[in-house]
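Residue-level structural notes
Now for the letters of each chain:
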Amino acid sequence: DATVRNVLGAAYMALSRCSIMISPESGGDPRTYCEAVASIFSTISLFIVDGLLIPSLQNAARLMRSTEAPPREFYELMASVQRHVNAHGNLFKTDIIPVVRRFPTVLTIASECWNWAMTQVEQVSVAALQASTGFLLGHLEKTLSKQAKTDYCPKEDKNAASHSSSHSTDLSKEAGPEVMYVSDVVHEQFGLIAVHLPRGSQAPMVRLLALRVHALMLEHLKRAKVSARGATRLACDLDALRLTVVKFGDGLGAQMEGGESVVELATLHFDALRDIVALFLVAPDQLSRVLAQGSLSLIDRAVLLELIRCRADYSRKAAWVKRDFPELLADGGGGAVSRMARTGRARFGRAGFARFRGAGSGSSGNTDAPATTGSRRRLW
């Protein structure tokens, strides 16, 4: 911080001396003065961006190597960079543009320098945020992998042949320790984002992280076996994650594109994930009806088929599988389904990140937003 302040102070001093020595008011040539101002700005920009801000952002990766989740220091560094970007912008707007705008060519050169500086910082900032998200999700995935296989399928249910109400006895009214840990870590990260990132970047980052956690939990579920009794624990786990997103989204209150808030968008996805529990509670002959109802009707069938294979009573030899879900028998047990799911599930891409300087709420090419089909939106 002190170094950047000193550099900006030197820039103001150089501009002041330039004004005293060669400005038109001092008898100097107007174009020569404008070109000198633009040259000072270009030199300062190059030093601040290449010599200070980008190395600071690249150092962010080292802050994450010794921790389990992106630490507070990482977000403080991001906030520090943003403060310096703002200070640099004030220099450009208040001391450079008023001088150089009298000569369009010089103004163009100064503006290109400014745009170059912002582009460089933005690219490295987004890369740092992407790295932090990837680091966090890797840690959360490792945590979920420690979950006991019997959490969603108690041993006495593994060979259960039916899904009757007698199997739905509540095993637990609380989420499991692994999911509670994930919820706590995500809540902490949301808080750090809200405190340190620019306001224009908060909502997109929270949204992206929420959707990535949603996708992580969905993939984790696809590797599990779930019985009717184990579905009660699954419901508690999904409720805990949903509550984390909803409570924080209510406090943030930031709007996304299309007037859709963080809490509305994230809740939509987690509500649908919560509705998946029904796939494990009903009897096999009721599955086709359940798939056509509510939010499940908006989920790609290939994804739902993968989840049906997670039922504790699923077997390729089961009469209900052969009758109602012949796709599950194709390609020796799921190959066709997997290919369909790869093309049908939601894409959680880079577009969820806002431009780091906080000017807006995301790009128009956002692939994190649910696709729409007519008036109905496709979730995943």
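All values derive from a computational prediction rather than experimental measurement.

1. As for the pattern of salt bridges
- Considering all chains together, one arrives at 11 salt bridges under this definition.
- Across the pair R233 and D151 runs a salt bridge, and its minimum N-O distance is 3.9 Å. Placement of R233 in helix α8 (residues 230-252) and of D151 in the loop between α5 (104-144) and α6 (177-196) is noted, with a sequence separation of 82 residues between them. The burial state of R233 is the same as that of D151; both residues are buried.
- Among the salt bridges present, the one from D239 reaches R274, with a minimum N-O distance of 2.9 Å. Pair noted here: D239 is in helix α8 and R274 is in helix α9 (residues 262-275), with a separation of 35 residues, a long-range link.
- Residue class for D239 comes out partly exposed when judged on its relative accessible area of 34%.
- Exposure remark for R274: the relative accessible area of 28% places this residue in the partly exposed category.
- Through salt bridges with shared partners, a single ionic network connects R72, E73 and E76.

2. Examining helix α4 (residues 72-100)
- Here α4 contains 29 residues, and its C-alpha end-to-end distance of 41 Å stays within 8% of the 42 Å for a straight helix at 1.5 Å per residue.
- Maximal helix bending in α4 amounts to about 30 degrees, located at F92.

3. Overview of the environment of R309
- Structurally, R309 is set in the loop between α12 (301-308) and α13 (319-324).
- Separated by 87 residues in the primary sequence, R309 and K222 have C-alpha atoms spaced 8.3 Å apart.

4. A few points about the side chain of H139
- Along the chain, H139 turns up in helix α5.
- When sequence neighbours within four positions are dropped, the list of residues in contact with H139 reads E68 and Y181.

5. Remarks on the confidence of the model for the protein chain
- On average, residues of the protein chain score 80 in pLDDT, and 77% of them reach the 70 mark or higher.
- Here helix α14 (residues 331-344) stands out as the least confident element of the protein chain, with mean pLDDT 42; helix α10 (residues 278-281) is the most confident, with 95.
- Of the regions scoring below 50 in pLDDT, residues 164-171 engages in 15 contacts with residues more than four places distant in sequence or in other chains.

6. Points about the packing of α5 against helix α7 (residues 199-222)
- With their axes 11 Å apart at the nearest point, α5 and α7 run at an angle of 30 degrees to one another. The pairing of α5 with α7 is recorded here as roughly parallel in orientation. Crossing of α5 against α7: the hand is right-handed. Along the contact surface, α5 presents L129, S132, T133, L136, L137, L140, E141 and L144, while α7 presents M205, L209, R212, V213, L216, M217 and H220.
- By residue class, the composition of the contact of α5 with α7 is 10 nonpolar, 3 polar and 2 charged.

About the thresholds
- Residues numbered from 1 in each chain as written.
- Predicted model: local features only at pLDDT ≥ 70, side-chain atom pairs only at ≥ 80, totals over all residues.
- Heavy atoms only, no water.
- Salt bridge = Lys/Arg side-chain N within 4 Å of Asp/Glu carboxyl O.
- Helix = DSSP H or I, 4+ residues; strand = E, 2+ residues; numbered from the N terminus.
- Buried < 20%, exposed > 50% of the residue type's maximum accessible area, 1.4 Å probe, protein only.
- Expected span 1.5 Å × (residues − 1).
- Bend = angle between axes of the 7 residues up to and from the residue.
- Contact = heavy atoms within 4.5 Å.
- pLDDT = per-residue confidence, 0-100.
- Axes fitted to C-alpha atoms, helices over the stretch in contact; angles between N-to-C directions.
- Parallel < 35°, antiparallel > 145°, perpendicular 65-115°, else oblique.
- Left-handed = near helix turned anticlockwise from the far one by under 90°.
- Nonpolar A, V, L, I, M, F, W, Y, C, P; charged D, E, K, R; others polar.

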